[in-house]
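Residue-level listing of the chains:
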Amino acid sequence: VTGIGLVTGAGTGTATIQATSETIVGAATINVSVVAPLAPVIASVTPNPVTAASSAQSILVAGSNFVNEPTVSLTWPGQSSYTVPASQVTFLDATQVLVSITSTATTGNWTVRVTNPEGTSSNTFGFKVVAPALPAPVITSVTPNPVTASSSAQSILLAGSSFVNKPTVTLT
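Below, the structure is looked at part by part. Treat the numbers as computed from the prediction; the structure is a model and nothing was measured.

### So, unusual backbone geometry
Item 1. Of note, the amide linkage connecting T46 to P47 takes the cis form, showing an omega dihedral of -5°.
Item 2. Residues T143 and P144 are joined by a peptide bond in cis, for which omega reads -5°.
Item 3. One can find P144 in the loop between strand 12 (138–143) and strand 13 (157–161).
Item 4. With a phi close to 65°, N65 is a non-glycine residue in the positive phi region.
Item 5. By secondary structure assignment, the location of N65 is in the loop between strand 5 (57–64) and strand 6 (71–76).

### Re the environment of V61
Item 1. Turning to its location among the elements, V61 is positioned in strand 5.
Item 2. Counting along the chain gives 19 residues from V61 to I42, while the straight-line C-alpha distance between them is 6.8 Å.
Item 3. With residues up to four places along the chain from it excluded, the contact list for V61 reads I42, S44, F66, T95, Q96, V97, V99, V112 and V114.

### Brief notes about the sheet that holds strand 9 (residues 96–101)
Item 1. Spatially, four strands are ordered 3-5-9-8 in an open sheet, and the strand pairing comes out antiparallel. Bordering the open sheet on either side are strand 3 (41–46) and strand 8 (89–93), each of which pairs with just one other strand. Averaged over all adjacent pairs, the angle separating strand axes in this sheet is 25°, with direction ignored.
Item 2. In this structure, strand 3 lies alongside strand 5, joined through five bridges in antiparallel fashion. The partner of V41 across the bridge, within strand 5, is S64.

Conventions and cut-offs
- Residues numbered from 1 in each chain as written.
- Predicted model: local features only at pLDDT ≥ 70, side-chain atom pairs only at ≥ 80, totals over all residues.
- Heavy atoms only, no water.
- Helix = DSSP H or I, 4+ residues; strand = E, 2+ residues; numbered from the N terminus.
- Contact = heavy atoms within 4.5 Å.
- Pairing = 2+ DSSP bridges.
- Axes fitted to C-alpha atoms, helices over the stretch in contact; angles between N-to-C directions.

Structural data, given as structure tokens:
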């Protein structure tokens, strides 16, 4: 006789399983131990740091004891708790969960927590979101051009893009 059963409830201890048959008189029983589910554990987030972006990007949460259909919660500067929509969470296996996030311009220290369907929660794991690197400055024109040689200081106007406040200018 084979069968599949489900032990439900929040308790731990011993449960009795009984098998009966309509064609055989009597029943077979066995006691089994019921243990609490293991809490998920987050060991890493990849990439770390995450570069802030206005489009969705994936982060891989790695660890152990993840169960299919987990709930993922995030915090970031100015946001105490945000539950990621289930459509943006992909359970890969017991050691990996893929999460799609949009970090926009919210840089700083973020945290992630995974909660399994039965309610056990992981540790809170921190990761950084950093601003995207600035593009290199581009000089498109110099005025006046040509510059007249002189022993006194002259003003030169550099036009272009991606300049930052108080740039360092080097003449060679």
